[in-house]
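In case you want the letters, here they are:
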Amino acid sequence: QRTRGPSSLSSGEKCGLAGRWRRTYVVSASIALYLNSFIAVVQAFQKVSALRELVPTQSEAPFAVAQILVLSLCAGLAIAAARKVSGMPSGLASR
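Counting starts from 1 at the beginning of each chain's written sequence and moves along it residue by residue. Predicted model: local features are reported for residues with pLDDT of at least 70 only, side-chain atom pairs are reported and counted for 80 or more only, and whole-chain, interface and lining totals are derived from all residues. Remark: hydrogens and water are excluded; side-chain values derive from all non-hydrogen atoms of the structure.

Visitor: Teacher, can you tell me more about the nonpolar core here?
Guide: One recurring pattern in soluble globular proteins is that nonpolar side chains are buried together. With 8 residues, the main nonpolar core is built from V41, V42, F45, V55, F63, A66, V70 and C74. Numbering of helices and strands runs from the N terminus, with a helix taken as a DSSP run of H or I at least four residues long and a strand as a DSSP run of E at least two residues long. Those elements giving two or more residues to this core turn out to be α2 (20–47) and α4 (61–86). Ranked by residues supplied to this core, first place goes to α4 with 4 residues. By definition, residues are in contact when any of their heavy atoms lie within 4.5 Å. If near-sequence neighbours (up to four positions away) are discounted, V55 is found in contact with F45, E60, P62 and F63. In this description, a nonpolar core means a group of buried Ala, Val, Leu, Ile, Met, Phe, Trp, Tyr and Cys residues linked to one another through side-chain atoms lying within 4.5 Å. Exposure categories follow from relative accessible area, calculated using a 1.4 Å probe and restricted to protein chains: below 20% of the type maximum is buried, above 50% is exposed, and the middle band is partly exposed.

Here is the structure:
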């Protein structure tokens, strides 16, 4: 029996997903990761006293920067995962 690594589990091979469904699974999982990360940042700014003092109303620049960083990181991971699953080249030179 062949063992499957974490990358095969993340692409939905364990569930028998193939073709476009694998990419759909990865994109959906990435969106869920972003939403969970967004909520984690919001709660961190609400519950950690040092962050709450820095950003009391959550409309200041540090809060926006933190959310933009989370969005950028999750978007980058989603693009990389979707390319890996679909077999698309990841380099700019190959376009």
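Having put the structure on the table, let's press on.
Visitor: I tried to follow the packing of α2 against α4 on my own but got confused; where do I start?
Guide: Describing two packed helices takes the angle between their axes plus the distance from one axis to the other. The interhelical angle for the contact between α2 and α4, taken along N-to-C directions, is 165°, at an axis separation of 9 Å. When the axis of α2 is compared with that of α4, the two are roughly antiparallel. Where α2 crosses over α4, the handedness of that crossing is right-handed. Three categories are distinguished: nonpolar for Ala, Val, Leu, Ile, Met, Phe, Trp, Tyr, Cys and Pro, charged for Asp, Glu, Lys and Arg, and polar for the others, with Gly belonging to the last. Class assignment for the residues of the contact of α2 with α4 results in 18 nonpolar, 4 polar and 2 charged. For helices, the axis comes from a line fit to the C-alpha atoms of the stretch in contact; other axes are also lines fit to C-alpha atoms, and the angle between any two N-to-C directions lies between 0 and 180 degrees. Working rule for angles: under 35 degrees goes down as roughly parallel, over 145 as roughly antiparallel, 65 to 115 as roughly perpendicular, anything else as oblique. By definition, any crossing whose near helix is turned counterclockwise from its far helix by less than a right angle is left-handed, and any crossing with a clockwise turn is right-handed.

Visitor: I'm lost on unusual backbone geometry in this one. Help?
Guide: Peptide bonds are, in most cases, trans, and in most cases residues other than glycine have a negative phi. In this structure, Q58 takes a positive phi of about 60° despite not being glycine. Note that Q58 resides in the loop between α3 (49–54) and α4. We classify Q58 as partly exposed; its relative accessible area is 21%.

Visitor: How should I be thinking about α4 in this particular structure?
Guide: Counting along an α-helix, one turn takes 3.6 residues, and residues three or four places apart therefore face a common direction. Along its 26 residues, α4 runs 37 Å from first to last C-alpha, staying within 8% of the 38 Å computed at 1.5 Å per residue. Turning to α4, the residues buried within the fold contact α2. G87 sits one or two positions beyond α4 and adopts a positive phi of about 80°. Expected helix span is given by 1.5 Å per residue-to-residue step, counting one fewer step than there are residues.

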